[in-house]
Amino acid sequence: VAEVEVGRRAAPFTVPVERGKVREFARATKARRTSYLTDTHAVAPPTWLAAASFWIEPENHVLGGVFDYSRTLHAGQEYVFPGVPPRAGDTLTGQQRVESVYRKQGRRGGELTFTVLLTEYRDAAGTLVAEVRQTIVETERAAQ
Amino acid sequence: VTADTAQVTVGTNLPEFVDAPLTRTDFVRYQGASGDMNPLHHDDERARAAGFPSVYAVGMLAAGVLGSWVADQFGPENVRRLAVRFREQAWPGDVLTYRGTVVDCRTGADGERLLDLELRVTRQTGADHLVGEATVVVGAPTS
């Protein structure tokens, strides 16, 4: 099981909140509000930042090359918005770090390691606009 | 689809959303929108080679539908938190039902009225696909 250093940070990255991407994401998540389609500064759907994580470089991933992905599962995901969530037209800066690592005994034996990755997104003024937590669980043995 | 937020109190169940049976097109559309190109969600041959009976749903698809469903009812600008934990996998043809219950009504740090919701997405078998929580703003500061 990989040992991950709590507090370790990756390089920051820029996320343009593109209107077309907001619209496409709203459609893909079966949203019924028309604001996503008509408002040039539409507030993005709550999990929209999921899209940002697939457009970053290895140096922006705090676990780049550390994990054995055959033994990991995505256990959970959390989005926290201190105020109104990001809007189309915003440009955010994201930075990922390891927030915590904890262990639990699995139901079928074997220890499970939970790693919580926190990505903070800030606006141009440096104000925190979103916190995204991804919880990854790693088993001692390969998943069956 | 907008919730009448004045009528929402602790114990209120949101009107449930029974989605159409999941299709591979749902998976592909979500994967394209998010940029997640994991082939196990759209390439049956690759999924079978990895030991699965077929492609299976992207977990973040139902998480996203859940988020958009909450945002449809309370306004995307009013969502302050959404958290999900993944349970059983979902498969093409599955019928997912989205449910939510108001479990707390409280005043936020800036005096705004907040609702805490417990959320659940179940398969047609009754098993959970994912469970979660959300917090939404339903009223401006009172003072």
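### Some thoughts on the environment of Gln134 of chain A
Residues and elements named next belong to chain A.
Next up, step 1: Tracing the backbone shows Gln134 in strand β5 (residues 128-139).
Next up, step 2: Remark: the alpha-carbon pair of Gln134 and Gly109, spanning 25 residues in sequence, is separated by 24 Å.
Next up, step 3: Gln134 has contacts with His74, Gly76, Gln77, Thr115, Val116 and Leu117, leaving out every residue within four places of it along the chain.

### Side note on the confidence of the model for chain B
Next up, step 1: For chain B, per-residue confidence averages 93 on the pLDDT scale, and residues scoring 70 or more make up 93% of the total.
Next up, step 2: Both scores are given for the predicted complex: the pTM is 0.93, the ipTM 0.94.

### Remarks on the interface of chain B and chain A
Much of the literature gives interface size as the accessible area that the parts lose upon coming together.
Next up, step 1: With 34 residues of chain B at the contact, the number on the chain A side is 33 residues.
Next up, step 2: Interface of chain B and chain A: buried area, both sides summed, is about 2800 Å²; carbon and sulfur atoms make up 59% of it.
Next up, step 3: A salt bridge links Asp19 of chain B to Lys30 of chain A; the shortest N-O distance between them is 2.8 Å.
Next up, step 4: Contributing elements (two or more residues each) for the side of chain B that touches chain A: α1 (24-34), α3 (59-74) and β2 (79-86) of chain B.

### Remarks on the nonpolar core
Across soluble globular proteins, nonpolar side chains have a tendency to be buried as a group.
Next up, step 1: Core analysis: the biggest nonpolar cluster contains 63 residues, and Leu49 and Tyr121 of chain A together with Tyr98 and Leu117 of chain B have the highest contact counts within it.
Next up, step 2: A total of ten residues in this core trace back to one element, the largest contributor, which is α3 of chain B.
Next up, step 3: Residues in contact with Tyr121 of chain A, not counting those within four places in the same chain, are Phe13, Val15, Leu49, Ala52, Leu92, Thr93, Gly94, Thr127, Leu128, Val129, Ala130 and Val132 of chain A.
Next up, step 4: Listed in part, the seven residues of the second largest apolar core include Val4, Ala10, Leu63 and Leu117 of chain A.

### Digging into the environment of Arg81 of chain B
Next up, step 1: Turning to its location among the elements, Arg81 of chain B is positioned in strand β2.
Next up, step 2: With residues up to four places along the chain from it excluded, the contact list for Arg81 of chain B reads Glu78, Tyr79, Val80 and Phe81 of chain A together with Glu133, Ala134 and Thr135 of chain B.

### Some details on the pattern of salt bridges
Side chains that differ in charge, positive against negative, can pair when their charged atoms come close.
Next up, step 1: Taken as a whole, this structure holds 18 salt bridges over all chains when the rule is applied.
Next up, step 2: A salt bridge links Asp128 of chain B to Arg120 of chain B; the shortest N-O distance between them is 2.6 Å.
Next up, step 3: Because the salt bridges share partners, they merge into one network encompassing Glu78, Glu99, Glu131 and Arg133 of chain A together with Arg81, Arg85 and Glu133 of chain B.

### Side note on the sheet that holds strand β1 (residues 17-18) of chain B
Next up, step 1: Strand order in this open sheet of ten strands is β1(A)-β3(A)-β4(A)-β5(A)-β2(A)-β2(B)-β5(B)-β4(B)-β3(B)-β1(B), and the pairing throughout is antiparallel. In this open sheet, the two strands that pair with only one neighbour each are β1 (13-16) of chain A together with β1 of chain B.
Next up, step 2: Relative to strand β3 (residues 97-107) of chain B, β1 of chain B runs antiparallel, the two sharing two bridges. Bridged to Phe17 of chain B within β3 of chain B is Tyr98 of chain B.

Cut-offs applied
Residues numbered from 1 in each chain as written. Chains lettered and ligands numbered in written order. Predicted model: local features only at pLDDT ≥ 70, side-chain atom pairs only at ≥ 80, totals over all residues. Heavy atoms only, no water. Helix = DSSP H or I, 4+ residues; strand = E, 2+ residues; numbered from the N terminus. Contact = heavy atoms within 4.5 Å. pLDDT = per-residue confidence, 0-100. Buried area = accessible area lost by both parts, 1.4 Å probe. Salt bridge = Lys/Arg side-chain N within 4 Å of Asp/Glu carboxyl O. Core = buried A, V, L, I, M, F, W, Y, C linked by side-chain atoms within 4.5 Å. Buried < 20%, exposed > 50% of the residue type's maximum accessible area, 1.4 Å probe, protein only. Pairing = 2+ DSSP bridges.

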